[in-house]
Amino acid sequence: MKITVQSSKAIKPAYGGGGASSTAADAAIPLTVFDKANYDLYISGINFFRPPAPPNATLAAGLARALAEYREWAGRLGADAAGSRAILITDAGARFVEATADVALCAVPLEPTPESLNRRIC
């Protein structure tokens, strides 16, 4: 299966009315005890659609609206002012990759393969 990346960009939160959220941009959300027991890593998700697929611009706009509501998704792992591990509310955005594959959707394996887990797109 050949995957061709069409574009890769950071989508930032889209706040209604053009203003920023009431939360300060340098705020931090402390990690819970369950977060601290896990590894620090970023999670990738793959969405694919059967025709007719929604336009990519519509998907990107929806992601931007979701990031405005759930600001921690657009943040970064780091340390707060006290030095504790936290999600920093930076509004840096989430990676949005547009790609195509030369395979029929019904032929795509539903379980991740070692190759797909090790592939870095961004």
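Along each chain, residues carry numbers from 1 onward, in the same order as the chain's sequence is written. In view of the model being predicted, local features appear only for residues whose pLDDT reaches at least 70, and side-chain atom pairs are presented and counted only at 80 or more, with totals across whole chains, interfaces and linings using the full set of residues. Side-chain numbers here rest on the full set of heavy atoms in the structure, without hydrogens or water.

Under the convention used in this document: UniProt positions are given in the numbering used here, feature names are shortened, and annotations may be inferred rather than shown by experiment.
Quoted straight from UniProt, the Sequence similarities (unreviewed entry) entry for the protein says "Belongs to the plant acyltransferase family."

**Digging into the sheet that holds strand β2 (residues 28-30)**
Rules: For two strands to be treated as a pair, DSSP must find at least two bridges joining them. By definition, any uninterrupted DSSP run of H or I lasting at least four residues is a helix, any uninterrupted run of E lasting at least two residues is a strand, and each is numbered from the N terminus. Each axis is a line fitted through C-alpha atoms, and for a helix only the stretch in contact is used; angles between axes span 0 to 180 degrees, taken between their N-to-C directions.
Pairing is antiparallel across the open sheet formed by three strands, whose spatial order is β2-β4-β3. The open sheet has two edge strands, β2 and β3 (76-79), and neither has a second partner. Neighbouring strand axes in the sheet, compared pairwise and without regard to direction, differ in orientation by 40° on average. Summarising the sheet, β3 and strand β4 (residues 85-88) pair through four bridges and their orientation is antiparallel. In the sheet register, L77 faces β4, and the bridge partner there is I87.

**Topic: unusual backbone geometry**
Negative phi values dominate among residues other than glycine, just as trans dominates among peptide bonds. A positive phi angle, close to 55°, is found at D91, a residue other than glycine. Here D91 shows up in the loop between β4 and β5 (94-101).

**What about the side chain of D91?**
Heads up, the condition is: Whether a residue is buried, partly exposed or exposed follows from its accessible area with a 1.4 Å probe, protein chains only, as a fraction of its type maximum: under 20%, in between, or over 50%, in that order. Any two residues whose heavy atoms approach within 4.5 Å are treated as being in contact.
Judged by its relative accessible area of 15%, D91 is buried. Those residues in contact with D91 that lie beyond four places of it in its chain are K12, P13, Y15, R71 and A74.

**Quick notes on helix α2 (residues 56-69)**
This is how it is decided: In this scheme, a helix's expected span is set at 1.5 Å multiplied by one less than its residue total.
The end-to-end C-alpha distance of α2 is 20 Å, a good match for the 20 Å that 14 residues give at a rise of 1.5 Å each. Tucked inside the fold, the buried residues of α2 contact β1 (3-11) and β5.

**Here we look at a nonpolar patch on the surface**
For clarity, the cut-off: The patches reported here contain residues having more than 30% relative accessible area and no salt bridge. Joining distances are 9 Å for like charges and 5 Å for nonpolar side chains (Val, Leu, Ile, Met, Phe, Trp, Tyr). Shrake-Rupley sampling with a 1.4 Å probe provides the accessible areas, and residues are treated as covered by the protein chains on show and by no other component. The working definition used for a salt bridge is a side-chain nitrogen of Lys or Arg within 4 Å of a carboxyl oxygen of Asp or Glu.
Nonpolar side chains collect at one region of the surface, where M1, I3, V5 and V103 lie side by side and expose about 330 Å² of accessible area between them. Take V5: it is sitting in strand β1. In this structure V5 comes out as partly exposed when scored by relative accessible area, which is 35%.

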